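# Structure assessment
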Amino acid sequence: MSIVPKESIEVIAQSIGINNLSSDAALALAPDVEYRVREIMQEAIKCMRHSKRTTLTTDDVDSALSLRNVEPIYGFASGDPLRFKRAVGRKDLFYIDDKEVDLKDVIEAPLPKAPLDTAVVVHWLAIEGVQPAIPENVAMEAIVAPADNKRLEHRKEDALPVDIKLPVKHVLSKELQLYFDKITELTTNRSDSVLFKEALSSLATDSGLHPLVPYFSYFIAEEVTRNLSDLSLLVALMRVVQSLLRNPHIHIEPYLHQLMPSIITCLVAKRLGHRLADDHWELRDFSATLVASICRRFGHVYHNLQTRVTKTLLNAFLDPTKAMTQHYGAIQGLSALGANVVRLLILPNLEPYLKLLEPEMLLEKQKNEVKRNEAWRVYGALMCAAGNCVYERLKMLPGLLSRPNRQIWRANSGLDLTISNKRKPSNSDLLGHQPPLKKLATAAPAAVSIPTKKDISAAVQAGGAATISGQLPSRREWPTGGDGSRALTVAWKEEVDAGDLLCSLFELFGEGILSFIQPPELSLFL
Amino acid sequence: MDEEEIDKAVMAYLRKKGFKEAERVLQEEQNRVSSVGSRSDPEIAKQILTFAESGDGPLRYHEGYSKLRTWSYSSLDLYKDELLRVLYPVFIHCFMDLVAKGYVQEARRFFNCFRDDHEMMHKRDLQKFEGILTPSHLEEMEFACALRQSKVNIKLCQYSYELLLQYLQKTQSLTMLGIINEHINFKVSPGHPSSISDDADAVSLIGSSQDIAKQVNQKEVHWGLLEDSIEERFEKHGGLLSDSEKVDGENKEADGEDKKRPVEGNKQGASAKKMKKDKVVGAVGKNVRSETTTVSVAPRVKPELKLPVMPPDEEQSILEDLRNRVQISSLALPSVSFYTFINTHNGLNCSAVSHDGALVAGGFSDSSLKVWDMSKIGQQAGSINTQGENEPSLNGHVLGSDERKQPYTLFQGHAGPVYAASFSPRGDYILSSSSDATIRLWSNKLNANLVCYKGHNYPVWDVQFSPVGHYFASSSHDRTARIWSMDRIQPLRIMAGHLSDVDCVQWHPNCNYIATGSSDKTVRLWDVHSGECVRIFIGHRSMVLSLAMSPDGRYMASGDEDGSIMMWDLSTGRCITPLVGHTSCVWSLAFSCEGTLLASGSADCTVKLWDVTASTKISKTEESRSGSGSRLRSLKTLPTKSTPVYNLRFSRRNLLFATGALSKGV
């Protein structure tokens with residue numbers, strides 16, 4: 001009938017040494033025990049209320065007991081609320097988890113950190129009825145600006161130990177809104193107009209555009225992800241990026257994290273534009289220069305910016321499953337980052353990569369015309385990158401070509417020449433059989449066209465004299481075991497001689513590479 | 001069976017049951033019957049006899065009550081509310097009857113069977129009754145005793161009353177009839193049935209007889225402000241200015257660069273700046289006046305206590321503050337400066353802020369009292385307090401983020417948790433009350449304990465300085481409130497009358513009265529001079545935790561454990577309107593200086609601002625017409641970050657100070 005059963009009374013009686021408590025007595029005591037417990041709890045709740053708390057603690061019970069002149073129960077006082085555990089198998093039975101503690105452990109334990117002292121901090125809960133948006137107050141409104149970088153405000157003291165997002169209300173003037181609408185409309189619809197060019201120059205020079213930067217970066221990111229097939233739009237967007245980067249009044253750093261993915265997408269995406277005729281190569285080259293310029297400008301602010309970019313690009317470059325277009329973008333991106341990057345990252349991988357690339361370029365192995373064309377593009381890009389690298393190298397170390405190297409060079413030259421001869425026929429063969437390809441190749445954009453053109457023209461010139469395609473399989477046996485390849489694999493090392501590098505590159509690319517070398521040095525070689 | 005025998009049996013039965021009324025009626029009936037000479041129906045007589053013989057079977061209570069319950073619930077919707085009101089007292093008395101007769105088990109079963117019906121309205125009462133298991137408990141519990149001795153008033157409309165009587169007669173449920181007869185006093189009113197919310201009496205079953213409350217509430221309360229108060233003087237002063245200068249309602253914040261307001265500022269050639277300032281002052285004064293005129297100005301009263309003399313510099317500073325007071329209303333909400341106690345480790349029991357916000361005190365459960373001087377720490381409080389700045393919201397952000405280790409003054413002396421602290425009006429003394437049954441007076445200048453006031457026998461829950469200083473009131477677990485003066489160690493008055501702990505105490509602005517809130521769910525108003533209870537306010541459903549008096553002295557607000565706030569009219573003793581909105585204990589209430597706004601701080605981590613003018617005015621006109629509901633307007637809810645609001649206080653310039661301890665668990 002009462003909450004306290006008779007049995008409990010008997011158990012309690014036994015625990016204090018009364019063994020012969022009659023069951024009648026227990027029965028009579030039980031309801032009274034319950035009443036007293038309730039009484040104590042009622043007083044305890046009063047104490048709790050006056051301590052301005054809403055959770056009952058053992059202290060409250062103790063003070064309630066002392067109100068009734070009862071000795072408090074020792075051993076339960078603790079700053080933390082008691083942890084009750086459910087007894088296994090019983091739904092309604094709980095007990096306090098009371099672990100046995102070895103006294104030795106307690107004594108030997110290091111002193112706990114002294115608790116922080118109480119302090120008072122002041123803030124404005126409201127100013128004339130309006131709650132200011134400060135970390136101490138509850139964040140009330142959602143953030144309006146779509147692309148605001150939300151930085152967490154970390155408070156050093158544990159006063160208000162919550163990380164707080166600042167709700168920033170972004171107010172745009174009417175003029176700025178109009179401007180933004182106009183620019184976005186131009187970008188999306190009329191990117192070939194004269195007006196767009198003026199818009200770009202305005203973006204690049206006008207001051208006071210800073211409030212729009214988050215909106216622009218958001219706009220660009222959105223449009224790029226949505227319109228990967230619309231090449232002209234992508235080009236326009238990248239030009240907007242370029243203009244924004246150029247604007248000296250804009251503080252674009254905080255928004256880079258949003259812009260970079262879009263740019264890199266334009267660089268290494270598998271497909272850009274939906275038509276074959278779309279000249280996505282140009283877009284990739286353009287994006288590559290953008291990436292490079294960003295890295296140059298902000299590399300010192302964000303130390304991991306360039307490493308992250310190169311890592312992404314290198315991954316794309318080294319992954320054989322990726323499409324040729326992606327490889328091309330990666331190579332362009334890397335080479336745009338400078339000769340050092342090329343030397344460190346591309347050259348060591350050059351030889352194995354070319355091995356993979358080679359079959360793609362051959363008519364026999366790769367029947368798909370488009371893919372072959374792409375492979376040639378990649379080849380051209382690679383050669384360009386490597387050539388530029390060597391060129392820089394040679395410029396840095398003028399006249400350092402040592403004698404022994406030249407000896408090696410000479411020693412190898414005969415072989416090299418034969419190789420180049422071997423290559424030439426292959427090219428001529430290609431051209432001979434595939435006039436359209438030639439057309440395409442010669443129409444290639446300026447950045448890439450120089451090496452390829454030379455290559456091809458050389459091939460054409462030498463075309464007649466050379467033996468024909470029967471020898472092509474032998475190309476697989478390019479001099480891989482020689483000094484050249486060794487020089488390449490250790491290309492990342494600083495001390496590798498430019499001459500060695502050139503030799504090996506010559507081995508790989510043939511005469512084409514020579515166009516990167518200035519006449520004086522060239523004469524040295526020859 | 002002999003007729004006389006039956007009569008005797010019936011009489012014996014009635015006497016045994018204590019149905020005096022019924023006995024009397026029966027006797028009259030008998031006399032009439034005998035005079036008429038007609039015979040009573042033997043059938044009925046037999047029935048009555050069987051009832052008498054079957055004794056007080058506990059089952060009859062159960063059955064009788066459950067029948068009455070089903071009947072009331074199935075009655076017409078229009079009258080249902082009223083009839084249901086009858087159920088609760090019947091339920092409680094059935095239960096107590098059963099316990100008293102020793103049918104403890106049956107009582108428990110009965111209680112558990114029907115308690116759900118009343119859970120919503122009377123949760124706390126039920127929790128108390130739940131524990132009653134033996135007749136001796138009944139005798140011990142005062143609440144139960146009081147209930148058994150007194151009658152409950154229930155208002156019923158004519159028709160409901162007739163319905164009830166018909167039912168009781170028809171079913172011949174004598175047990176129920178007996179209980180209703182014995183413990184319920186019906187007040188039958190002609191006309192339509194009233195809705196339940198209108199009737200405060202229906203809500204609470206108060207141990208003390210309502211008649212006493214009624215009687216007490218007849219007494220006169222002079223709620224007018226003190227004559228010749230500084231505000232009055234200021235008001236006249238301001239009014240004088242505004243007469244010559246045209247006041248166009250537009251009041252801006254007084255600019256605070258030069259404080260020396262020229263007395264001859266109303267000259268025609270005064271500079272624009274001066275004019276502006278004067279307008280503000282004028283507007284303030286005008287508003288105060290209009291305020292008082294709308295509220296049917298009560299005659300000024302003379303102080304019944306001998307008031308301490310205000311030093312001239314103090315008077316000067318008050319005048320200064322009054323002049324720079326920001327006008328707040330439902331349209332212009334106040335600024336709130338929040339003092340957050342951090343790293344309290346659940347030990348902060350109370351807090352207090354001095355009138356200018358410069359000093360903040362906290363009472364802790366480790367018996368210590370700590371006082372922070374905010375003006376010494378950076379410019380925080382400085383910007384608030386220095387005379388030069390009266391619009392502190394300018395650099396609010398800087399203040400909040402300023403976080404340095406703050407040294408505080410530690411006052412040790414109590415031997416138990418400190419439950420309340422109060423600054424003297426000038427901020428030079430602090431009073432603290434503790435569970436060690438003492439009150440201690442501390443000096444801020446000397447940083448020392450001056451006096452220890454011993455008088456209470458149990459923990460002192462609350463202590464409050466009077467608005468003029470020198471006197472203070474305390475309330476305690478020993479069910480008394482006491483009035484003290486600083487220079488005597490014995491209390492001047494002891495106010496006894498509450499039936500349970502006196503949890504909070506508050507001075508009336510004119511210092512002639514104090515109000516006390518108690519765990520017996522009532523608020524009482526006491527005359528300080530005579531020590532008599534002059535008002536009993538009944539209506540809260542749980543323990544009253546906080547009180548506030550409107551500055552004009554006419555209204556009082558009280559907040560309880562459930563989160564409801566009630567506005568009372570002191571002169572009539574009636575609840576004007578309940579303010580519903582908080583979900584947890586209302587720890588603190590404060591009126592703005594003009595009395596236009598009420599701020600409430602609660603354990604639900606919010607500060608709410610209520611429009612008092614709207615609530616009081618509307619209710620006066622509509623009270624008679626429609627049922628209440630939440631008429632009053634909650635203007636604004638200001639949530640804190642998991643910081644329950646312990647204390648609120650408006651500065652004289654109408655800046656609201658709030659305090660609370662950051663609690664991570666909430």
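Described in the following lines is the structure provided in the data block. Note that the structure is a prediction, hence the values are computed from the model and not measured.

Before going further, it helps to examine the interface of chain A and chain B. Contact residues are listed per partner, giving 50 residues for chain A and 74 residues for chain B. Between chain A and chain B lies a buried interface of about 5,800 Å² when both sides are counted; carbon and sulfur atoms form 57% of it. By the criterion of area lost to chain B, the three top residues of chain A are His50, Lys52 and Trp124 of chain A, representing 15% of everything that side buries. Note that Glu140 of chain B is salt-bridged to Arg36 of chain A, the shortest N-O span being 2.8 Å. Those elements that place two or more of their residues in the side of chain A that touches chain B are helix H2 (23-50) and strand E3 (119-126) of chain A. Here the element with the most residues in the side of chain A that touches chain B is H2 of chain A; it accounts for 13 residues. Pairing analysis gives seven bridges linking E3 of chain A to strand E3 (residues 336-342) of chain B, with the strands arranged antiparallel.

Structurally, Thr325 of chain A is set in helix H12 (residues 324-336). When near neighbours in sequence (up to four residues on either side) are disregarded, Thr325 of chain A contacts Ala269, Lys270, His280, Trp281, Arg284 and Glu374 of chain A.

This part is about the sheet that holds strand E21 (residues 555-560) of chain B. The strands that make up a sheet pair up through hydrogen bonds in the backbone, lying either parallel or antiparallel. Residue and element names in this part refer to chain B. Here four strands make up an open sheet; going across it, the order is E20-E21-E22-E23 and the pairing antiparallel. The sheet is open, and its two borders are formed by strand E20 (544-549) and strand E23 (574-579), each paired with just one other strand. Averaged over all adjacent pairs, the angle separating strand axes in this sheet is 25 degrees, with direction ignored. One ladder, built from five bridges, connects E20 with E21; its direction is antiparallel. Opposite Ser546, over in E21, you have Gly559 as the bridge partner.

Moving on, we get to the pairing of strand E11 (residues 448-454) of chain B. Where strand E10 (residues 438-443) of chain B lies against E11 of chain B, six bridges are found, and the strand directions are antiparallel. Its bridge partner being in E11 of chain B, Arg440 of chain B is matched across the sheet by Cys452 of chain B.

For the rest of this paragraph, the subject is the pairing of strand E17 (residues 513-518) of chain B. Residue and element names in this part refer to chain B. Of all the six residues making up E17, six are buried; the element is thus mostly covered by neighbouring parts of the structure. The two faces of E17 match: Tyr513, Ala515 and Gly517 on one face and Ile514, Thr516 and Ser518 on the other face are all buried. In terms of strand pairing, strand E16 (residues 502-507) meets E17 through five bridges, oriented antiparallel. Across the sheet, Trp507 pairs through a bridge with Ile514, a residue of E17. Once E16 ends, the chain turns through five residues before running back antiparallel as E17, passing Cys511 with a positive phi of about 70 degrees.

With that settled, the discussion passes to the sheet that holds strand E5 (residues 359-364) of chain B. Residues and elements named next belong to chain B. Strand order in the open sheet formed by four strands is E4-E5-E6-E7, and the pairing between neighbours is antiparallel. Either end of the sheet is taken by a strand with one partner, and the two such strands are strand E4 (348-353) and strand E7 (408-412). Direction aside, the axes of adjacent strands within the sheet are offset by 20 degrees on average.

Right, let's talk about a nonpolar patch on the surface for a bit. Residue and element names in this part refer to chain A. The grouping of Val101, Leu103, Val106 and Ile107 at the surface amounts to a nonpolar patch, some 440 Å² of accessible area in total. Note on placement: Leu103 falls in helix H4 (residues 103-108). The class for Leu103 is exposed, based on a relative accessible area of 59%.

Thresholds, definitions, all that
Residues numbered from 1 in each chain as written. Chains lettered and ligands numbered in written order. Predicted model: local features only at pLDDT ≥ 70, side-chain atom pairs only at ≥ 80, totals over all residues. Heavy atoms only, no water. Contact = heavy atoms within 4.5 Å. Buried area = accessible area lost by both parts, 1.4 Å probe. Salt bridge = Lys/Arg side-chain N within 4 Å of Asp/Glu carboxyl O. Helix = DSSP H or I, 4+ residues; strand = E, 2+ residues; numbered from the N terminus. Pairing = 2+ DSSP bridges. Axes fitted to C-alpha atoms, helices over the stretch in contact; angles between N-to-C directions. Buried < 20%, exposed > 50% of the residue type's maximum accessible area, 1.4 Å probe, protein only. Patch = residues over 30% accessible without salt bridge, like charges linked within 9 Å, V, L, I, M, F, W, Y side chains within 5 Å. Areas by Shrake-Rupley, 256 points an atom, 1.4 Å probe, with all protein chains shown as cover.

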